[in-house]
Amino acid sequence: MNDDTALGTVRDSLTAAKGTLTETHMNTPLDAIVQRGRAARRRRRLIGLTGTAAVAASAALVVGLTGVTGSAPTNRAGAIRTVAFTLVSNPNGTATLTINNAALVDPTTLQNDLAQDGVPAMVTSGSFCSSNPVPVGFSQVVSFYPATAGNHALPPGVHPHPTITLHPGAMPAGTELSFGVFQLSSGEQQVTFELINASSYACTHTPPPSPANGGSQVEFSPAGSK
Amino acid sequence: MEFAEFYQSARDDCLRIVLLNVGDRQLAEDLVAEGFAKAWVSWRKVRTYQAPRAWVVRAALNANVSRWRRRRREVILDGHDVAVPAEESRVLSGDLMAALRGLPLRQREVVTLRLLLDLDTETTARLLGMAPGTVGVHLHRAAETLRSALPHLADQEASK
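Okay, so let's go over this structure. (Residues numbered from 1 in each chain as written. Chains lettered and ligands numbered in written order. Predicted model: local features only at pLDDT ≥ 70, side-chain atom pairs only at ≥ 80, totals over all residues.)

## Focus: the overall build of chain B
Part 1: A count of helical and extended segments in chain B gives 10 helices and 0 strands.
Part 2: Traced from its N-terminal end to its C-terminal end, chain B shows the element sequence α-α-α-α-α-α-α-α-α-α.
Part 3: For chain B, buried positions account for 42% of its 160 residues. (Helix = DSSP H or I, 4+ residues; strand = E, 2+ residues; numbered from the N terminus. Buried ≥ 20, exposed ≤ 12 C-beta atoms within 10 Å, placed from the backbone.)

In structure tokens, the structure reads:
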């Protein structure tokens, strides 16, 4: 099947799906939209006024930091805590990600937060992307707690809060981390990681099997995530 | 075109497209309302665009990202218990929609603008702030993923 045919088929299916929603109507009245718009405009004006006063101070701060370090910091300090995960930015440039076994990870939130910590990542839900051949260097980029021997995999139930330390500085140029979040039929959540070539990868909707020994792929299935 | 006229003509279409992307009726309505409110604020500019409803859909999808960032600090107690028509529920829970929602954000945006709103590559590229070639790459990958996730698409293709 060539590209145009595949696209046409997908387009037809999506259009058909949209076409079945004829009974779905927007109930919000125009007045409510306008009210919401006015509120947004007021907020924007307020932020504009506050921002003007803050510009001088923040510019001075950036100049000061640049003077000391030689470049603007790429990692912000502190931690992000969500229901599903905690992401801590460490002073040595690494980031520590801890998954909460009781909640499903939101891919967009995790991807944006990793990006803020300087970790280029593609987080997908219900799919997993990988490159062939797999870029080298995974073991320098990702370390895992609790440490596991051989295949770097945690079987379900081993640890309630698996922790991964990410070293973005060790990522080879042109690579990013692929995170695939799957909800298994057992009700457990599986998160699979792999280093991929950012310009060449393919995605699958099948949760990857446990990786072979020595492979660069890590997965864990937190227990009790039902 | 006046904003009121635009809202009346575009609101249902925008809602259905965003609904396919997020899968939740109440959430979709809220996001689309947010998108239209932003369009109202910038209407003098938005009305001159080639595809103002695409601008609203993209604003709604971006609002969804912002919403996730806000809600991560909150504990959600209500479940939005609203009756959903059976047909809507069946479509939204289907394999195709699950596959669409599983795409990375950029690919999903490109699929939405190119295939659901029928924009051309150039307009999509301008709206998303990327090169036309990148739109093509995202679209190709997305179509591959959607097709491989749905074996019956290949069957449909063979029977044509």
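## Re the environment of Arg-101 of chain B
All names here are of chain B.
Part 1: Checked against the element boundaries, Arg-101 lands in helix α6 (residues 95-102).
Part 2: For Arg-101, a count of 18 C-beta atoms within 10 Å translates into the label partly exposed.
Part 3: Between the alpha carbons of Arg-101 and Gly-23 there is a distance of 8.1 Å; along the sequence they are 78 residues apart.
Part 4: Leaving out residues up to four positions away in the same chain, Arg-101 has contacts with Asn-21 and Gly-23. (Contact = placed C-beta atoms within 7 Å.)

## Remarks on the environment of Pro-104 of chain B
Part 1: Locating Pro-104 of chain B in the fold gives a position in the loop between α6 and α7 (105-116).
Part 2: On the neighbour-count criterion, Pro-104 of chain B (23 C-beta atoms within 10 Å) is buried.
Part 3: For Pro-104 of chain B and Ala-142 of chain B, which are 38 residues apart along the polypeptide, the C-alpha to C-alpha distance reads 8.7 Å.
Part 4: Sequence-distant contacts of Pro-104 of chain B, defined by excluding residues within four places in its chain, comprise Met-122 and Thr-124 of chain A.

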